[in-house]
Amino acid sequence: MIVSFSGIDGSGKTSMSKRLAKYFNEIGIKSRYMRPNYDNNEIIKKYCFNKYNDEHAYYPNLNSDLYLSSLTMDWLNWWYNSTIEENTLYFCDRYIIDVYTQSLQYNANPEVVSPLFEALPKPLISFYLDIKPENAENRIKKRSYPEQHKLESLNELKRLQKNYKIAEKNSKWSYHYLNAEGKFEQNVQHAFKIIRSYLSLGEKI
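Now for a description of the structure that goes with this document. Because the structure is a prediction, the values reported are computed rather than measured. (Residues numbered from 1 in each chain as written. Predicted model: local features only at pLDDT ≥ 70, side-chain atom pairs only at ≥ 80, totals over all residues. Heavy atoms only, no water.)

1. Remarks on the pattern of salt bridges
Just so we agree on the cut-off: Should a side-chain nitrogen of Lys or Arg be within 4 Å of a carboxyl oxygen of Asp or Glu, the pair is scored as a salt bridge. Starting at the N terminus, helices and strands are each numbered in turn, a helix being any DSSP run of H or I of at least four residues and a strand any DSSP run of E of at least two. Note on classification: 1.4 Å probe, protein chains only; a residue is buried when its accessible area is under 20% of the maximum for its type, exposed when over 50%, partly exposed between these limits.
Inspection of the entire model under this criterion finds 11 salt bridges. Ionic pairing is found between E156 and R159, a salt bridge with its closest N-O pair at 2.9 Å. One end of the pair is E156 and the other is R159, both in helix α8 (residues 154–171) and three residues apart, which spans about a single turn. Overall, E156 belongs to the buried group, its relative accessible area being 16%. Taken together, the shared-partner salt bridges in this structure form one network comprising D9, R35, D93 and R94.

2. Notes on the pairing of strand β3 (residues 89–93)
The following threshold applies: Following DSSP output, two strands are said to pair if at least two bridges run between them.
Burial analysis of β3 places five of its five residues in the buried class, the great majority of the element. Burial of the side chains of β3 extends over both faces: L89, F91 and D93 are buried on one face and Y90 and C92 on the other. Across four bridges, the pairing between strand β1 (residues 2–6) and β3 is parallel. If you follow I2 over to β3, its bridge partner there is Y90. Alignment of strand β2 (residues 31–34) against β3, held across four bridges, turns out to be parallel. By the bridge assignment for β3, Y33 is matched with F91.

3. Some details on the packing of aromatic side chains
As a reminder of what qualifies: Note on aromatic pairs: the rings of Phe, Tyr and Trp (six-membered ring only in Trp) are paired at centre separations within 6.5 Å, and the planes decide the class, stacked below 30 degrees, edge-to-face beyond 60, tilted for the rest. The rule is short: NZ of Lys or CZ of Arg within 6 Å of the ring centre and within 35 degrees of the ring normal puts a charge over the ring.
One pass over the full model with this rule turns up 18 aromatic pairs. Centre to centre, the rings of F117 and W173 are 6.3 Å apart; their planes meet at 80°, and the pair counts as edge-to-face. Of this pair, F117 sits in helix α6 (residues 114–119) while W173 sits in the loop between α8 and β5 (176–179), placing them 56 residues apart in sequence. Taking the centre distance of 5.3 Å and the plane angle of 55° together, the rings of Y128 and Y175 count as tilted. Here Y128 is found in strand β4 (residues 125–130), whereas its partner Y175 is found in the loop between α8 and β5, with 47 residues between them in sequence. Assessed through its relative accessible area of 2%, Y128 is described here as buried. Connected via pairs of aromatic rings, a cluster forms that spans F5, Y23, F24, F91, F127 and F192. Here K18 stacks its cationic end above the ring of Y33, 5.3 Å away from the centre of that ring. Residue placement shows K122 over the ring face of W173; its charged tip is 4.9 Å from the ring centre.

So this is what it looks like as structure tokens:
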């Protein structure tokens with residue numbers, strides 16, 4: 001069963017998905033944290049660094065469809081090469097809805113992402129970590145690595161939040177909202193209870 005986590009940069013997607021995977025393993029439910037390797041994305045970043053001396057110059061300097069195609073291929077490669085086991089919970093740090101949101105953010109053709117919706121299953125549960133862009137930026141500034149880059153500026157975070165709303169509506173995606181402004185462990189417990197409620201209803205892992 002796939003459990004996905006979405007939200008703007010700085011909302012805590014990675015921390016939440018890793019923590020819950022660890023939590024469920026501790027209580028005897030086999031779980032894995034998952035995300036693509038983003039190999040094609042790294043190639044795009046290297047190209048941008050060599051050409052523009054900035055690995056994040058893909059927006060707006062490159063054709064956005066090219067960049068989104070690289071992300072789409074990374075996700076398809078991840079899915080087709082992953083060993084999906086029965087009776088296992090998969091906690092995904094971002095998912096196809098996030099790639100679709102990025103297509104809106106970078107003014108790419110959303111149809112570039114359509115193969116993902118066809119190839120990958122929709123999560124049984126999808127969480128959105130809701131946070132004010134100002135607070136997300138403060139978190140980003142405080143992290144030790146990597147340093148904040150221009151696509152994580154406050155204006156870009158505000159745009160991203162708006163595009164998540166548009167993507168949710170356009171794709172008819174269904175989220176469980178978590179208040180990422182709150183205490184981390186409280187959100188972990190809240191998400192834990194929601195997931196357990198699905199399992200108690202007899203949903204197959």
